[in-house]
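Single-letter residue listing:
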Amino acid sequence: MDVTEQTFELDVVERSRERPVVVDFWAAWCGPCRALAPVLEAEIERRGGAVLLAKVDVDASPGLAATYRVQGIPAVKGFRDGRVAAEFVGAQPPARVAAFVDELLAPPRLEALAAELRASGELPEVLAALEQGDHEHALRALLDGIGEAPIEERGRRREVAVAIFDHLGQDDPVSVSYRKRLAAALF
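Not measured: the values here are computed from a predicted model.

Q: A description of the state of the cysteines should follow, citing residues and the corresponding values.
A: Following the criterion strictly, the structure yields one disulfide and no others. Paired through a disulfide, Cys30 and Cys33 show a sulfur-sulfur distance of 2.4 Å. Between Cys30 and Cys33 the disulfide shows an S-S torsion of about 80 degrees. By sign, it is right-handed. Each of the two residues, Cys30 as well as Cys33, counts as buried.

What follows is the structure in structure tokens.
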């Protein structure tokens, strides 16, 4: 579907809360855009409706290009849960495009890590906080004792913290605050 500055919020951001949306920022004069388009379309079609494709003509919608910091085209951004979850710039081979779409369709890393913690019994306080949606408490619990933890456990705590940052978004105030604390605790 073609989207514009007027329809983007509903057609992309809101729809991405139900299923992922891949947005192709392109222009008619762009040769690499014309080369990438059929590859994107084929990969989206192979997923049988699990993911949607939206196209934004950057010449017709310069505000969207600016908002999403499109510096070069083609620029492809995968939206999930109302925000950009993955992206790439430039024409890519079919295998790379397929991997991009697969990554967008995969369960968020935080969900997978929570399942691993549940199965292993590791970090029960962190898991309880995650299951309650209390990301700040989970981060606080991850940082408690990280400096004294064995190297493997420090790596695991870091991995879970980074997944929380990704889930919240890099600009979220909790992410910003705890990212600095994590770096200080590890280094």
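Q: Describe the packing of aromatic side chains, naming the residues involved and giving the relevant values.
A: Scanning the model with the defined rule gives five aromatic pairs in all. Taking the centre distance of 5.6 Å and the plane angle of 75 degrees together, the rings of Phe8 and Phe79 count as edge-to-face. In this pair, Phe8 sits in helix 1 (residues 8-14) while Phe79 sits in strand 3 (residues 75-80), placing the two residues 71 residues apart along the sequence. Overall, Phe79 belongs to the buried group, its relative accessible area being 1%. An angle of 75 degrees between the planes, with centres 5.3 Å apart, marks the rings of Tyr68 and Phe79 as edge-to-face. Highlighted residues: Tyr68 in the loop between helix 3 (62-67) and strand 3 and Phe79 in strand 3, separated in sequence by 11 residues. Ring pairs connect the aromatic residues Phe8, Phe25, Tyr68 and Phe79, which therefore count as one cluster. The positively charged end of Arg179 is found above the aromatic ring belonging to Phe165, 5.7 Å away from the centroid.

Q: Provide a residue-level description of the pattern of salt bridges, including the pertinent values.
A: Per the counting criterion, the structure on display carries 13 salt bridges. Among the ionic pairs, Glu87 bridges to Lys77, the shortest N-O distance being 2.4 Å. With Glu87 in strand 4 (residues 83-89) and Lys77 in strand 3, the pair connects residues that are 10 residues apart, well separated along the chain. What makes Lys77 buried here is its relative accessible area of 6%. In this structure, the salt-bridge partner of Arg109 is Glu116, at a minimum N-O distance of 3.8 Å. Accessibility expressed as a relative area gives 40% for Arg109, which makes it partly exposed. When its relative accessible area of 32% is taken as the criterion, Glu116 is described as partly exposed. Because the salt bridges share partners, they merge into one network encompassing Arg109, Glu116, Glu122, Arg156 and Glu159.

Q: Outline the pairing of strand 4, listing residues and values.
A: Where strand 3 meets strand 4, six bridges bridge the pair, whose relative direction is antiparallel. By the bridge assignment for strand 4, Arg80 is matched with Arg83. Linking strand 3 to strand 4, which pair antiparallel, is a turn of two residues; within it Asp81 sits at a positive phi near 55 degrees.

Q: Give me the lowdown on unusual backbone geometry, citing residues and values where you can.
A: Pro74 follows Ile73 through a cis peptide bond whose omega is 0 degrees. By the secondary structure assignment, Pro74 is in the loop between helix 3 and strand 3. A positive phi angle, close to 50 degrees, is found at Arg69, a residue other than glycine. Position of Arg69 among the secondary structure elements: in the loop between helix 3 and strand 3. Judged by its relative accessible area of 66%, Arg69 is exposed. Of note in this structure, Leu123 is not a glycine but carries a positive phi near 45 degrees.

Criteria and cut-off values
- Residues numbered from 1 in each chain as written.
- Predicted model: local features only at pLDDT ≥ 70, side-chain atom pairs only at ≥ 80, totals over all residues.
- Heavy atoms only, no water.
- Disulfide = S-S within 2.5 Å.
- Buried < 20%, exposed > 50% of the residue type's maximum accessible area, 1.4 Å probe, protein only.
- Phe/Tyr/Trp six-rings, centres within 6.5 Å; stacked < 30°, edge-to-face > 60°.
- Helix = DSSP H or I, 4+ residues; strand = E, 2+ residues; numbered from the N terminus.
- Lys NZ or Arg CZ within 6 Å of the ring centre and 35° of its normal.
- Salt bridge = Lys/Arg side-chain N within 4 Å of Asp/Glu carboxyl O.
- Pairing = 2+ DSSP bridges.

Everything listed here is a matter of coordinates, which is why it stays silent on function.
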